[in-house]
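# Overview (structure and organization)
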Amino acid sequence: MTRTIRIGTRGSALARTQTGTVADVLRKAGEQVEIVTITTPGDRSSAPIAEIGVGVFTSALREALLNKQVDVAVHSYKDLPTAPEPGIVLAAVPPREDPRDALIARDGLTLGELPSGSRIGTGSPRRTAQLRALGLGFEVVPIRGNIDTRLNKVFDGELDAVVLARAGLVRLGRADVITETLDPIQMLPAPAQGALAVECRVDDVDIEHLLRSIVDDEATRAAVTAERAMLAALEAGCSAPVGALAEVVEDYEDTGEDARVVERVSLRGVAAAGLDDESVQLLRASAVAGKSEAEQLGRDLAAELLDLGAGALSGPGRENR
Ligand SMILES: NCc1[nH]cc(CCC(=O)O)c1CC(=O)O
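Residues numbered from 1 in each chain as written. Predicted model: local features only at pLDDT ≥ 70, side-chain atom pairs only at ≥ 80, totals over all residues.

## Re the UniProt feature "modified residue: S-(dipyrrolylmethanemethyl)cysteine" (unreviewed entry) in the protein chain
When the UniProt feature table is mapped onto this chain, "modified residue: S-(dipyrrolylmethanemethyl)cysteine" (unreviewed entry) is found at Cys238. Mapped onto the elements of the fold, Cys238 is located in the loop between helix 9 (218-237) and strand 11 (242-254). (UniProt positions renumbered as here; feature names shortened; annotations may be inferred. Helix = DSSP H or I, 4+ residues; strand = E, 2+ residues; numbered from the N terminus.)

Structure follows, in structure tokens:
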């Protein structure tokens, strides 16, 4: 392509690193790339995410894309609202980083080693619910701010631990502070955690084709498609915090004559409710489908969770996944 591709990014260290990985792929393919920093209202405000709303980090980038300030926008996928944005297409989902949550605790402690009464910081209703459901007597302390601000609350002794996405720490070269990577059985990540969403304008077919052919990762896209479809279907039916994790797995399909290898998507989901009182309830479901049925798989799992009672239960909202 003869034109310079302008890629929009938020200004945080994590956002710039994430955008840099996409820019590198394009540069290696011989493209001219320019990175443009867009300041979002979410970066300027210190109010709780539950008050300023989901999409606060991503809408300014999308605006810059629509009014042609930039040609490409790179987001943390889990921060995107589930509703599609008119005029914008999801052109690529790059290979995913580790999707699991991580514990950063004082004195190198794990979740099981932290004593009852320990103060654990998170601003996420999903993490709060799953921490409480462990029944270990933790006090969950609401926090927000960038990754360094949160880590410092542990290093300064203000909190015993914080829970953060492992992916963010890995991308920033800070995996050394992790004292335990949490098993998804205890802490199911946010839908699309650890994945990036690379968007362009619907009518910019050259850029869309380029991104799809050299940046997109098919397995990641299938997995996050299932997770996000589950989230979108649940949003219509309940306000409970939601966790989801899908993986592409190899399976054998017996055709009678011989067995051939097929790829399937395996999806687990959790919906939490009753967070207002201390007695949190978690509803869980899991299912497997062919890789091309990822979207339907997500919708079906949401329906199952709603059948289990997720729709009847209310939570504090889904913001800040
Ligand atoms: N909600 C903020 C946010 N958005 C993306 C990441 C980390 C990277 C990712 O999950 O892709 C984080 C921080 C966190 O949850 O710890």
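## Details of the sheet that holds strand 3 (residues 72-76)
If you walk across this open sheet you meet the five strands as 2-1-3-10-4, and the pairing is mixed. Because the sheet does not close on itself, it has two edges, and the strands there are strand 2 (33-37) and strand 4 (88-92). Each adjacent strand pair in this sheet contributes to an overall mean axis angle of 35°, direction not counted. For strand 4 and strand 10 (residues 196-201), the ladder comprises four bridges, and the chain directions are antiparallel. Each residue of the ladder has a partner; that of Ile88, found in strand 10, is Arg201. Against the sheet, helix 1 (residues 13-28) touches strand 1 (5-9), strand 2, strand 3 and strand 10, its axis set at about 160° to strand 1. Its contacts with the sheet put helix 8 (residues 205-214) on strand 1, strand 3, strand 4 and strand 10, and the angle it makes with strand 4 is roughly 30°. (Pairing = 2+ DSSP bridges. Axes fitted to C-alpha atoms, helices over the stretch in contact; angles between N-to-C directions. Contact = placed C-beta atoms within 7 Å.)

## Topic: the site of the ligand
The immediate surroundings of the ligand are formed by 11 residues, with Ser76, Leu164, Ala165, Gly168 and Gln193 found nearest. Counting residues per element, the ones that place at least two in the shell around the ligand are strand 8 (161-165) and helix 7 (166-171). Here the shell around the ligand spans two domains, since at least three of its residues come from each of domain 1 (5-94 + 195-216) and domain 2 (101-181). (Near = placed C-beta within 6 Å. Domains from an automatic or database assignment.)

## Things to note about the nonpolar core
Formed by 86 residues in total, the largest nonpolar core has its most connected members in Val72, Val198, Ala226, Met230, Leu234 and Ala271. Looking at which element gives the most residues to this core, the answer is helix 9, with nine residues. In contact with Ala226, not counting residues within four places along its chain, are Ala246, Val265, Leu267, Ala294, Leu297 and Gly298. (Core = buried A, V, L, I, M, F, W, Y, C linked by C-beta atoms within 7 Å. Buried ≥ 20, exposed ≤ 12 C-beta atoms within 10 Å, placed from the backbone.)

## A word on the pairing of strand 12 (residues 259-273)
Two strands pair when backbone bridges link them, and strand 11 and strand 12 are joined in this way by 13 bridges, in the antiparallel orientation. Considered in strand 12, the bridge of Asp251 is made with Val262. Between strand 11 and strand 12, which pair antiparallel and follow one another directly, the connecting turn spans four residues, one of which, Gly256, has a positive phi of 100°. As defined by bridge partners, strand 12 adjoins strand 13 (residues 281-290) across 10 bridges and the pair is classed as antiparallel. Looking across to strand 13, one finds that Ser266 is bridged to Val288.

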